[in-house]
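Examining the three-dimensional arrangement
One letter stands for each residue in the lines below.
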Amino acid sequence: MKARIARLILDAARAAHDKGQLPCGSFEEVVVETPKNEQHGDFATNFALVSARSQKMPPRKIAQILADNLEEDGALFASVKIAGPGFINFYLRPEAWYPVLEEIHRRRLDYGSSTFGRGRKVQVEFVSSNPTGPLHVGHGRGAAVGDAVANLLDFCGYDVQKEYYINDSGRQIQTLGRSVWLRGSELIGKQVDFPEDCYQGAYIRDIARQLLDKKGEQLFAEQSREAVMECARFATEQIIRGIRQDLERFKVVFDNWFSEQSLYDSGQYERIISHLEQEGLIYPKDDALWFKTSSFGDEKDRVVVRANGQPTYFASDIAYHRNKFERGFDTVIDVWGADHHGYIGRLTAAVEAMGYRREQFKVILVQLVNLLRGGKPVAMSTRAGEFVTLADVIDEVGTDAARFIFLTRDTNSPLDFDLELAKQKSNDNPVYYVQYVHARISSIMAKAAEKGIDGQPSENGNLRLDTPEEITLIKTLARYPEVVELAARAMEPHRVTFFLMELAARFHAYYNKHRVLGDDRELTLSRLHLVEAVRLVIQNGLKLMGVSAPTQM
RNA sequence: GCGCCUGUAGCUCAGUUGGAUAGAGCAACGGACUUCUAAUCCGUAGGUCGCAGGUUCGAAUCCUGCCAGGCGUACCA
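Structure report, in brief. (Residues numbered from 1 in each chain as written. Chains lettered and ligands numbered in written order. Predicted model: local features only at pLDDT ≥ 70, side-chain atom pairs only at ≥ 80, totals over all residues. Heavy atoms only, no water.)

Remarks on the sheet that holds strand S9 (residues 288–291)
The three strands lie next to each other as S8-S9-S10, forming an open sheet whose pairing is antiparallel. Of all strands in the sheet, those with a lone pairing partner are strand S8 (282–285) and strand S10 (302–305), marking the two edges. Strand after strand, the sheet turns through a mean of 45° between neighbouring axes, direction not considered. Summarising the sheet, S8 and S9 pair through four bridges and their orientation is antiparallel. Residue lysine 285 lies in a different strand from S9, and its bridge partner there is alanine 288. Contacts from helix H10 (residues 268–278) reach S8, S9 and S10 within the one sheet, and its direction differs from that of S8 by about 85°. (Pairing = 2+ DSSP bridges. Helix = DSSP H or I, 4+ residues; strand = E, 2+ residues; numbered from the N terminus. Axes fitted to C-alpha atoms, helices over the stretch in contact; angles between N-to-C directions. Contact = heavy atoms within 4.5 Å.)

Concerning the pattern of salt bridges
For the coordinates displayed, the defined rule picks out 32 salt bridges. Notably, a salt bridge pairs arginine 373 with glutamate 396, separated by 2.8 Å at the nearest N-O pair. With arginine 373 in strand S13 (residues 369–373) and glutamate 396 in helix H13 (residues 390–397), the pair connects residues that are 23 residues apart, well separated along the chain. For arginine 373, a relative accessible area of 37% corresponds to the partly exposed category. Glutamate 469 is the salt-bridge partner of lysine 513, the closest N and O atoms lying 3.1 Å from each other. Of this pair, lysine 513 sits in helix H18 (residues 494–513) while glutamate 469 sits in helix H17 (residues 468–490); the two residues are 44 residues apart in sequence, bridging distant segments of the chain. A residue is classified by how much of its surface remains accessible, and lysine 513, at 56% relative accessible area, is exposed. Taken together, the shared-partner salt bridges connect Arg373, Glu396, Glu420 and Lys423 into one network. (Salt bridge = Lys/Arg side-chain N within 4 Å of Asp/Glu carboxyl O. Buried < 20%, exposed > 50% of the residue type's maximum accessible area, 1.4 Å probe, protein only.)

What about the packing of aromatic side chains?
Across all of its chains, the model carries 23 aromatic pairs by this definition. Plain terms: the ring middles of phenylalanine 116 and tyrosine 158 are 5.9 Å apart, the flat faces sit at 85° to each other, and that makes the pair edge-to-face. In this pair, phenylalanine 116 sits in the loop between helix H4 (98–107) and strand S5 (121–125) while tyrosine 158 sits in the loop between helix H5 (137–155) and strand S6 (159–166), placing the two residues 42 residues apart along the sequence. You'll find phenylalanine 116 and tyrosine 158 in the same group, each marked buried. Geometrically, the ring pair formed by phenylalanine 314 and tyrosine 343 is edge-to-face, given 6.1 Å between the ring centres and 90° between the ring planes. A residue pair is termed long-range when its members are at least 10 positions apart, and phenylalanine 314 in helix H11 (residues 313–326) and tyrosine 343 in the loop between strand S11 (331–337) and helix H12 (344–353) qualify at 29 residues. On the basis of relative accessible area, tyrosine 343 is assigned to the buried category, the value being 13%. Each member of the aromatic cluster is reached from another via a ring pair, and the members are Phe291, Tyr313, Phe314, Trp336, Tyr343 and Phe361. Directly above the ring of tryptophan 257 sits arginine 244, whose terminal nitrogen or CZ lies 4.3 Å from the centroid. (Phe/Tyr/Trp six-rings, centres within 6.5 Å; stacked < 30°, edge-to-face > 60°. Lys NZ or Arg CZ within 6 Å of the ring centre and 35° of its normal.)

What about the nonpolar core?
Within soluble globular proteins, side chains that are nonpolar tend to cluster in buried spots. Ranked by size, the top nonpolar core spans 145 residues in total, and within it Leu247, Phe417 and Leu477 carry the most contacts. Looking at which element gives the most residues to this core, the answer is helix H19 (residues 521–545), with twelve residues. Split by domain, this core shows at least three residues from each of two domains, domain 1 (2–92) and domain 2 (427–544). Grouped together as the second largest cluster of nonpolar side chains are 31 residues, Ala319, Ala350, Met354 and Leu365 included. (Core = buried A, V, L, I, M, F, W, Y, C linked by side-chain atoms within 4.5 Å. Domains from an automatic or database assignment.)

A short note on the pairing of S13
Note: S13 against strand S15 (residues 415–418), four bridges, orientation parallel. When the sheet's bridge partners are listed, valine 369 is paired in S15 with leucine 415. In this structure, S13 lies alongside strand S14 (residues 376–377), joined through two bridges in antiparallel fashion. Each residue of the ladder has a partner; that of arginine 373, found in S14, is lysine 376. The turn joining S13 and S14, which pair antiparallel and follow one another in sequence, is formed by two residues; a positive phi near 60° is taken by glycine 374.

Focus on the sheet that holds S14
The strand order across the open sheet built from three strands is S14-S13-S15, with neighbouring strands paired in mixed fashion. The two strands at the open ends of the sheet, each matched to only one other strand, are S14 and S15.

Description of the protein's contact with RNA strand B
The local shell around RNA strand B holds 62 residues, among which Arg306, His341, Tyr433, Tyr436 and Ser443 are the closest. A breakdown of the atoms of RNA strand B within 4 Å of the protein gives sugar and phosphate a share of 63%. The contact in question runs from a sugar or linking oxygen of RNA strand B to an N or O atom on the backbone of asparagine 412, over 2.9 Å. Take histidine 514: an N or O atom from its main chain is 2.6 Å from a base nitrogen of RNA strand B. At the level of elements, helix H2 (47–55), strand S4 (87–92), helix H6 (171–187), S9, helix H16 (430–450), H17 and H18 are the ones that each hand at least two residues to the surface near RNA strand B. With eight residues, the single largest contributor to the surface near RNA strand B is H16. Split by residue class, the surface near RNA strand B holds 26 nonpolar, 22 polar and 14 charged. (Near = heavy atom within 4 Å. Polar contact = N/O pair within 3.5 Å; in protein donor to acceptor, adjacent residues only side chain to side chain. Nonpolar A, V, L, I, M, F, W, Y, C, P; charged D, E, K, R; others polar.)

Quick look at the structure:
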C-alpha cells in the first residue's frame, strides 16, 4: 500500500514538473509512513518538506501542487489533505482495506513472510552455555531471543541454521572433572577438603553417584589424570543431555551442536593458527603468541596461546568463527550475555583479519535478567551453587509465559522477571492477554460451526465492515508484515510481541462492543471473516515467538 | 581512566530509525457480565523525554560536553 501511494506521488511530481509547476526534475526519495496520530490520516508523506530545498519553494505550496496533480480514480482515497508544515495526509476509503483480509486468508501462517533474505545462509548461535552446570534464567532469555531471531530471519527468506557451541575443552572442563572426582571419593568414604574453585552445586554429587554406580569404586580410589578425564567426559555428557532436555521443554531445537574439542581433534585449530602465523597476523612475544587485533580496530593485541602452551578461549573462537564462514554462512550472528561485550572488539577484529567483512559478524547482546518473587529479588549465587534453573522456571510458570516475557523487552535493557507475576493470569501478564484473543476467537468459530454458519462472505457480495473498531482492526493487521520485516532487520523480536499486545487490545475492545454472531447472516459472515484473520495473525506472531496459541483457556 | 549499555508518567516499559498534540500496562478513582470465555472492556487523572549546548523547516531520536546507574576493561570463560 505504501509503495503504491509513493508511486502515485512520484507520478504527480513528474506530471507537475512537465507542466512547469515544479522547477527541479530530480526528486528526493518518497517516504510514506503511517502517522501515529489517526487524525493525520492513514498514510502521510513528508515529501513536500524534504523537497523544499531542491525546489526552492515553501513546502505547503509544493504539497498543494502535488495534491492537484494526483491521478487517482477515487477507489482508494476518501480524501487527501495538506496539513501542518507541509505534510500530505491520505485518508483511505474503508473498502480499500478489505484486500488485506483476503491476503491473510489466502496466505494464512505465511502472511507477513517475505523474501528479502534471498536465501542467504545465516547462522544464529545462542545459549552455548558451558557444560559445567544446568541452564539458569539468564540462559532462558538468550534462548528465547536467539530462537525468535532465527525464526524471524527464516520467515524473511534467509536460510537459517541454529547452532549451540559446546565449550567442552579447556580449563573449566578439567575443573568439572576434578569436582566430580572429589565428590565421588567423598561418596566412597574418603575425607575430602572440597576446594572453593570447584563447582559447588548439588548436581555434581548426583553425577558422581551415577558414575560410581556405573564404574565402581576403583575409579575414585586414586586421583589420576585419566580418572579425572573420565569424570570430565561423563559429566559433560550428562550435563549436555540435561541442557538439551531443558531446551526441548523450552521449545528450542538446535540444528547443530558444535563441539569446541572437535576443532582440536580434527586439526582445524592447528591449521588455522599456522596459516595466520604465515600471514603475519600472529606473532610471538613474552613466550606467548599474540594476535594483531589492534590493527583491526581492537584496543590492543590479544594472546592466543599462553606462555604455558595452552590456547586461550579466544584462540578457539578464532578457529570456530573461521570454521563458520568456511561452512558457507554469509552472516554469522552470536547471541551473548552482556557481560561478554568486551569480547566483541577482538572477535570482530579477528573476523576482519581473516578476510571477512565486519558486517558479516553480528553480536546480539542480551542484558541481565533480575529474578524476582513478588517484587523481591531472588538471591542467586553460581559460586555457592544456589541458583534458580531454567527448568525450575519452566516448572513454575510454564514455557509460554517465560518465553513471552523474555521477549517483552529490548535486549539492550535489563529485564525483571517476577515469578509471581509470570504465574498470574491477569492483565499484568501479557502472555495470557494475547493468548486469550486466540481462545476467544476459536470459541466463536466453534459456536459458529455449531450453528451451521460457514461460507465466504464474498459469495454474497461485499464485506460489511464499517464500524471504527473494525477498520482499526484491519489497519492493525495490515501493519503486521512491516513489523515482522523491521523486527528481522533490526533483530529485535520484542517488536513483534508489542505488536501482538496492541492487536490483542484492539480485538478485546472490538469484542466487548460488537457481537460477531447475530441474526444478520451477511453481517455475521463478514465479521467471522475479520475475526478469523485476527486469529491467524495472532497465531502467526505467537509461532514466531515460539509461544503456543491455545484454542481454550 | 577508557569502552559498551541504560536514563521517557508514582512503578514497569514502548516509541515505525529525524516528523505533526510523546504512547501503553500497572498502581488510584468511577463504571460495564440473563447474549460469542470478565484471563475482558469503557472513562478520569498523570510529562522540563537525566542536564546543557549544537546540527535544521522539525530532535525523545543525530553530534559534543557533563550527571547518575549497570556491565566490562586477564596469558578467566
